[in-house]
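Survey of secondary and tertiary structure
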Amino acid sequence: MAEKIEVKAATEAANAAGVSCTANVAGATSTAGAPRAVGASRATGAHRTVGVPRQTAPRTVAASARREGLSTRDIILVAVLLAAGAVLKLTVGSLLSSMGMKPNFIIAMYCLAIIIVRPTVAQSLVIGLLAGLVCQVPMLNATPLLNIPSELLGALVCGLLIKVPMRIGGKLDLNPLVNTFVSTLISGGVFAFLSVYINVMSTGGDLMVALAAYAAIVLGTATFNAVLVQVLAMPLKKVLKR
């Protein structure tokens, strides 16, 4: 009887030890599995975070509008200056001609217009063509059609020279003075050559005498126009904010 009790007690102790080992193994398994679950959760969360695209506002770059033609304001300014040149040539020009001076206010005004508006070379040619057509008015021109090529070349030179910087000390801009002087020389020289060729050489006149007379007139006109445009360009640029 005592031996049966001892065997039963030993069996119960062995069973208890087995249950404890099973519990410990289960606990270890549970503990070891937890970090994996957490790691998996973190990995999943990290994957989701990386996978979501970042919402950013689209960048906009402001492109400056390219100027392709004269504005309405520029066209009006050119028209007003050409009209003023025609009126001045009829009135003041006639008065000065009686004193031995022959200023050409139309050349001065289209040079002033080109200097202020600063058009392209092609647009300068158009301004010169318009000036030449204005000169075809009988009261403004004694020799028809000669002003068209002369004013075209004068405006072309003026349109090219506006790109040349001529500032002294960073403040005084001599471009209007030099530009108008050279442009008037070109325009007046072409007009003088064509006029001498048509009116003098065709009639057998003295070429050198005619050229010398025209040279004095052209130089005087160029000097007058250069001073006039230099004086007018500075206040007009300030008023028009150019």
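Predicted model only: the values in this text are computed from it and were never measured. (Residues numbered from 1 in each chain as written. Predicted model: local features only at pLDDT ≥ 70, side-chain atom pairs only at ≥ 80, totals over all residues. Heavy atoms only, no water.)

1. Re the pattern of salt bridges
Following the criterion strictly, the structure yields one salt bridge and no others. The salt bridge involving Asp-173 is made with Lys-237; its shortest N-O contact spans 3.7 Å. Here Asp-173, found in strand β2 (residues 172-173), pairs with Lys-237, found in helix α8 (residues 207-240); they are 64 residues apart in sequence, far enough to count as distant. Each member of the pair, Asp-173 as well as Lys-237, carries the same accessibility label: buried. (Salt bridge = Lys/Arg side-chain N within 4 Å of Asp/Glu carboxyl O. Helix = DSSP H or I, 4+ residues; strand = E, 2+ residues; numbered from the N terminus. Buried < 20%, exposed > 50% of the residue type's maximum accessible area, 1.4 Å probe, protein only.)

2. Observations regarding the environment of Leu-232
Along the chain, Leu-232 falls in helix α8. In this structure Leu-232 comes out as partly exposed when scored by relative accessible area, which is 30%. Leu-232 sits 120 residues away from Leu-112 along the chain, and the two C-alpha atoms are 7.9 Å apart. If sequence neighbours within four positions are ignored, Leu-232 has contacts with Met-109 and Leu-112. (Contact = heavy atoms within 4.5 Å.)

3. Let's talk about the nonpolar core
Leu-77, Val-78, Leu-81, Ile-106, Tyr-110, Leu-112 and Ile-114 are the most contacted members of the largest nonpolar core, which has 27 residues in total. Elements that contribute at least two residues to this core include exactly α2 (72-90), α4 (105-117), α5 (121-134), α6 (147-161) and α8. The element contributing the most residues to this core is α4, with twelve residues. If we skip the residues at most four places from it in the chain, Ile-114 touches Pro-119, Ser-124, Ile-127, Ala-155, Cys-158, Gly-159 and Ile-162. (Core = buried A, V, L, I, M, F, W, Y, C linked by side-chain atoms within 4.5 Å.)

4. Some words on the side chain of Asn-104
Mapped onto the elements of the fold, Asn-104 is located in the loop between α3 (92-97) and α4. Of the polar contacts made by the side chain of Asn-104, one reaches the backbone nitrogen of Ile-106; its length is 3.2 Å. (Polar contact = N/O pair within 3.5 Å; in protein donor to acceptor, adjacent residues only side chain to side chain.)

5. Things to note about the packing of aromatic side chains
Applying the stated criterion to the full structure yields one aromatic pair. On the basis of an interplanar angle of 90° and a centroid distance of 5.7 Å, the ring pair of Phe-105 and Phe-224 is categorised as edge-to-face. Taken together, the residues Phe-105 in helix α4 and Phe-224 in helix α8 connect sequence positions 119 residues apart. (Phe/Tyr/Trp six-rings, centres within 6.5 Å; stacked < 30°, edge-to-face > 60°.)

6. Considerations on the packing of α2 against α4
α4 packs onto α2 with a crossing angle of 160° between their chain directions and a minimal axis gap of 7 Å. Judged on the interaxial angle alone, α4 and α2 are roughly antiparallel. Crossing hand, α2 versus α4: right-handed. Residues Asp-74, Leu-77, Val-78, Leu-81, Leu-82, Ala-84, Gly-85, Ala-86, Leu-88 and Lys-89 of α2 touch α4, and the partners they reach there are Phe-105, Ile-106, Met-109, Tyr-110, Leu-112, Ala-113, Ile-116 and Val-117. Residues of the contact of α2 with α4, tallied by class, amount to 15 nonpolar, one polar and two charged. (Axes fitted to C-alpha atoms, helices over the stretch in contact; angles between N-to-C directions. Parallel < 35°, antiparallel > 145°, perpendicular 65-115°, else oblique. Left-handed = near helix turned anticlockwise from the far one by under 90°. Nonpolar A, V, L, I, M, F, W, Y, C, P; charged D, E, K, R; others polar.)

7. Quick word on α6
The terminal C-alpha atoms of α6 lie 21 Å apart, and with 15 residues this matches the ideal 21 Å at 1.5 Å per residue to within 8%. Residues Asn-147, Ile-148, Ser-150, Glu-151, Gly-154, Ala-155, Val-157, Cys-158, Gly-159 and Leu-161 constitute the buried set of α6. Contacts from the buried residues of α6 go to α4, α5 and α7 (175-199). (Expected span 1.5 Å × (residues − 1).)

8. Some points on the state of the cysteines
Under the definition given, this model contains zero disulfides. Cys-158 takes part in no disulfide bond, and the closest cysteine sulfur to it belongs to Cys-111, at a distance of 4.1 Å. Using a relative accessible area of 0% as the deciding quantity, one classes Cys-158 as buried. (Disulfide = S-S within 2.5 Å.)

9. Considering the side chain of Asn-225
When you line up the elements, Asn-225 lands in helix α8. Not counting the four nearest positions on each side in its chain, Asn-225 is found in contact with Asn-104, Ile-107, Ala-108, Thr-180 and Thr-184.

10. Focus on the environment of Leu-174
Residue position: Leu-174 is located in the loop between β2 and α7. Placed 56 residues apart in sequence, Leu-174 and Gln-230 show a C-alpha to C-alpha distance of 7.4 Å. Beyond its immediate chain neighbours, meaning those up to four positions away, Leu-174 contacts Met-166, Ile-168 and Gln-230.

11. Here we look at the confidence of the model for the protein
In low-pLDDT regions, the fine details of the predicted coordinates are not to be read closely. Confidence in the prediction for the protein averages 76 pLDDT; 70% of positions are at 70 or higher. Across residues 1-8 the pLDDT falls below 50, and counting only partners more than four positions away or on other chains, this stretch makes zero contacts in the model. Note that pLDDT drops below 50 for residues 16-52; the model gives that stretch zero contacts with residues more than four away or on any other chain. (pLDDT = per-residue confidence, 0-100.)

12. Side note on the packing of α7 against α8
Packing of α7 against α8 leaves a shortest axis separation of 8 Å and a crossing angle of 155°. Between α7 and α8, the crossing angle belongs to the class labelled roughly antiparallel. Crossing geometry of α7 relative to α8 is assigned as right-handed.

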